[in-house]
Amino acid sequence: MVSPSDVKPFHAEGHAYPPLSSRRIPARLVWRDGGMARLQDHDGNLLTDGVPLGIEQIPGGPLLVELPGDWQFEAAPGSDVSTLPGPRKGRRLSRAEAWHPRLALVVGLCLFAAFAIWRWGLSVLVAVAMWVTPESVVKVIDAGNMAVIDRTFADDSRTSAARQKEVQAIFARLREQAPPAPWGEYRLLFRDMPAIGPNAFAMPGGTVVVTDQLLERFDDPDVIAGVLGHELAHVSERHVLAQLYRAGTSYLLVTLIAGDPGPLLQDMLREGNLLLSLSYSRHHEAEADRLGVATATAAGYDGVALARFFEALEEDFGADGPSWLSTHPAHGDRIERIRDMAGSQ
Ligand SMILES: [Zn+2]
């Protein structure tokens, strides 16, 4: 008779990634046949435990295990995880595949897409791509972008906890007044990003990032509310995903429409820095200004303070300076138009 406690635990060495972070912690995953898995660091401290939510073999890459509490474990090459409990495919991937439409619909969409490119150009193709994009994919885009940004451009925020709390309170008030996020939920993250200076940017799923540099440069809650309101509008009006798709290759779009999100997801992850090079169109900027000012005003702030933000940045950097102005270009009479909104509120 072999009692369960006699069963020798299996383990794999590798690295752990904390929730929403790209920090790599050398770690070990320990499990018993058919039982729970336990993720621990090299000092034996428990990081998380439970049945893995998904096990995903990236083609030509590492094996990723999704664990409860948004932890991820990347197994070292050659680890034997054949007895590891949990679904064999990544949760994201299998969800994306569950959406996999029936063949006829796929063929129909492909034909329509080909026709649409020929007839109306990219705008319609982007609209179709956005229409068929499931929430799970948008969430992966947010998480993937954040991981790439953390690895490449961003450090942990140096903003004090008290100040972060203040800014989160502004964000919470805005969130109540803003139209809902079309995919997922709004949330605000803080990062130290010297390379891009005083800046804020949004991801399609509702993740908004504000830099320490912006909070250091602008103390005024009305200005912060104006900027954050503007970013929420880019999310609620689906500008971010539209720009991502526009900037993406047609290969990416066709892959999405053809319903094979495997390589698509990886491209999206790899192209995370795309977000930082995005420049919204004049139309999107005007819409985000209008809606952002309205949201900030409804939340009890002076939304028109957004104009002060642009003026200050122009003073600091010149009209075509770096930072926010390049990702949110200040077209001509933008400041004046924002000022004019005061009368129309
Ligand atoms: Zn903008």
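Residues numbered from 1 in each chain as written. Predicted model: local features only at pLDDT ≥ 70, side-chain atom pairs only at ≥ 80, totals over all residues. Heavy atoms only, no water.

1. Some details on the overall build of the protein
And step 1. Counting its regular elements, the protein contains 15 helices and eleven strands.
And step 2. Out of the 345 residues belonging to the protein, those deemed buried represent 51%.
And step 3. Across the protein, contacts joining residues at least 24 apart in sequence account for 62% of those joining residues at least 6 apart.
And step 4. Taken as a whole, the protein presents about 16200 Å² of accessible surface, with 55% of it coming from carbon and sulfur. (Helix = DSSP H or I, 4+ residues; strand = E, 2+ residues; numbered from the N terminus. Buried < 20%, exposed > 50% of the residue type's maximum accessible area, 1.4 Å probe, protein only. Contact = heavy atoms within 4.5 Å. Areas by Shrake-Rupley, 256 points an atom, 1.4 Å probe, with all protein chains shown as cover.)

2. Some thoughts on the packing of helix 5 (residues 161–177) against helix 7 (residues 221–236)
And step 1. One way to put it is that helix 5 packs onto helix 7 with a least axis distance of 10 Å and a crossing angle of 50°. Considering their axes alone, helix 5 and helix 7 lie oblique with respect to each other. Crossing geometry of helix 5 relative to helix 7 is assigned as right-handed. Residues Arg163, Val167, Ile170, Phe171, Leu174 and Arg175 of helix 5 form the contact with helix 7, whose participating residues are Pro221, Ile224, Ala225, Leu228, Gly229 and Leu232.
And step 2. Looking at side-chain class alone, the contact of helix 5 with helix 7 contains nine nonpolar, one polar and two charged residues. (Axes fitted to C-alpha atoms, helices over the stretch in contact; angles between N-to-C directions. Parallel < 35°, antiparallel > 145°, perpendicular 65-115°, else oblique. Left-handed = near helix turned anticlockwise from the far one by under 90°. Nonpolar A, V, L, I, M, F, W, Y, C, P; charged D, E, K, R; others polar.)

3. Overview of the sheet that holds strand 8 (residues 155–156)
Pairing between the strands of a sheet comes from backbone hydrogen bonds, and it takes one of two forms, parallel or antiparallel.
And step 1. Spatially, the four strands line up as an open sheet ordered 8-9-11-10, and their pairing is mixed. Either end of the sheet is taken by a strand with one partner, and the two such strands are strand 8 and strand 10 (200–202).
And step 2. With two bridges connecting them, strand 8 and strand 9 (residues 187–192) associate as antiparallel partners. Looking at the pairing, aspartate 155 lines up with aspartate 192 of strand 9. (Pairing = 2+ DSSP bridges.)

4. Some remarks on the nonpolar core
Nonpolar side chains tend to gather and get buried jointly when the protein is soluble and globular.
And step 1. In this structure, Leu214 and Phe309 are the most contacted members of the largest nonpolar core, which totals 40 residues.
And step 2. With seven residues, helix 7 is the single largest residue contributor to this core.
And step 3. With near-sequence residues (within four places) excluded, leucine 214 lies in contact with Pro198, Asn199, Ala200, Ile224, Val227 and Phe309. (Core = buried A, V, L, I, M, F, W, Y, C linked by side-chain atoms within 4.5 Å.)

5. Let's talk about the confidence of the model for the protein
It should be kept in mind that the predicted coordinates are not to be read in detail where pLDDT is low.
And step 1. On average, residues of the protein score 80 in pLDDT, and 76% of them are at 70 or above.
And step 2. The least confident element of the protein, judged by mean pLDDT, is helix 1 (residues 91–99) at 49; the most confident is helix 5 at 97. (pLDDT = per-residue confidence, 0-100.)

6. Things to note about the side chain of histidine 230
And step 1. Here histidine 230 shows up in helix 7.
And step 2. At 2.8 Å, the side chain of histidine 230 and the side chain of aspartate 289 are in polar contact. (Polar contact = N/O pair within 3.5 Å; in protein donor to acceptor, adjacent residues only side chain to side chain.)

7. Looking at the pairing of strand 3 (residues 37–41)
Across a regular strand the side chains alternate sides, sitting on one face of the sheet and then on the other.
And step 1. Of all five residues that make up strand 3, four are buried, and the element is covered over most of its length.
And step 2. Relative to strand 3, strand 2 (residues 25–31) runs antiparallel, the two sharing five bridges. Residue pairing across strands places leucine 29 opposite leucine 39, the latter belonging to strand 3.
And step 3. A loop of five residues connects strand 2 with strand 3, the two strands running antiparallel in sequence, and glycine 34 in this loop sits at a positive phi of about 75°.
And step 4. Judged from the four bridges that link them, strand 3 and strand 4 (residues 46–50) form a sheet pairing that is antiparallel. Counterpart to glutamine 40 in the pairing with strand 4 is leucine 46.
And step 5. Linking strand 3 back to strand 4 in an antiparallel pair, the connection comprises four residues, with glycine 44 at a positive phi of about 85°.

8. Considering unusual backbone geometry
And step 1. Positive phi, close to 65°, is recorded for aspartate 70, a residue that is not glycine.
And step 2. Among the structural elements, aspartate 70 can be located in the loop between strand 6 (63–67) and strand 7 (71–75).

9. Some thoughts on the pattern of salt bridges
And step 1. Taken as a whole and assessed by the stated rule, the structure comprises 13 salt bridges.
And step 2. The partner of aspartate 192 in a salt bridge is arginine 158, with the nearest N and O atoms 3.0 Å apart. Of this pair, aspartate 192 sits in strand 9 while arginine 158 sits in the loop between strand 8 and helix 5; the two residues are 34 residues apart in sequence, bridging distant segments of the chain.
And step 3. For aspartate 192, a relative accessible area of 8% gives the class buried.
And step 4. One salt bridge in this structure joins arginine 334 and glutamate 285, with 2.5 Å as the shortest N-O distance. (Salt bridge = Lys/Arg side-chain N within 4 Å of Asp/Glu carboxyl O.)

10. Things to note about the pairing of strand 9
And step 1. Among the six residues in strand 9, five count as buried, and that is most of the element.
And step 2. With five bridges joining them, strand 9 and strand 11 (residues 207–211) adopt parallel strand pairing. When the bridges of strand 11 are listed, arginine 191 appears paired with threonine 211.

11. Side note on the packing of aromatic side chains
Centre-to-centre distance and the angle between the planes together describe a pair of aromatic rings.
And step 1. As enumerated under the stated definition, the model contains three aromatic pairs in all.
And step 2. With a centroid separation of 6.0 Å and 20° between ring planes, the pair formed by phenylalanine 10 and tryptophan 31 is classed as stacked. Taken together, the residues span a long stretch of sequence, with phenylalanine 10 in strand 1 (residues 10–17) and tryptophan 31 in strand 2 at a distance of 21 residues.
And step 3. Tryptophan 31 gets classed as buried once you look at its relative accessible area, which sits at 1%. (Phe/Tyr/Trp six-rings, centres within 6.5 Å; stacked < 30°, edge-to-face > 60°.)

12. Concerning the sheet that holds strand 5 (residues 54–57)
And step 1. Across the sheet, which stays open at both edges, the seven strands sit in the order 4-3-2-1-7-6-5 with antiparallel pairing between neighbours. Lying at the two open borders of the sheet, with one neighbouring strand each, are strand 4 and strand 5. The sheet shows a mean angle of 30° between the axes of neighbouring strands, taken without regard to direction.

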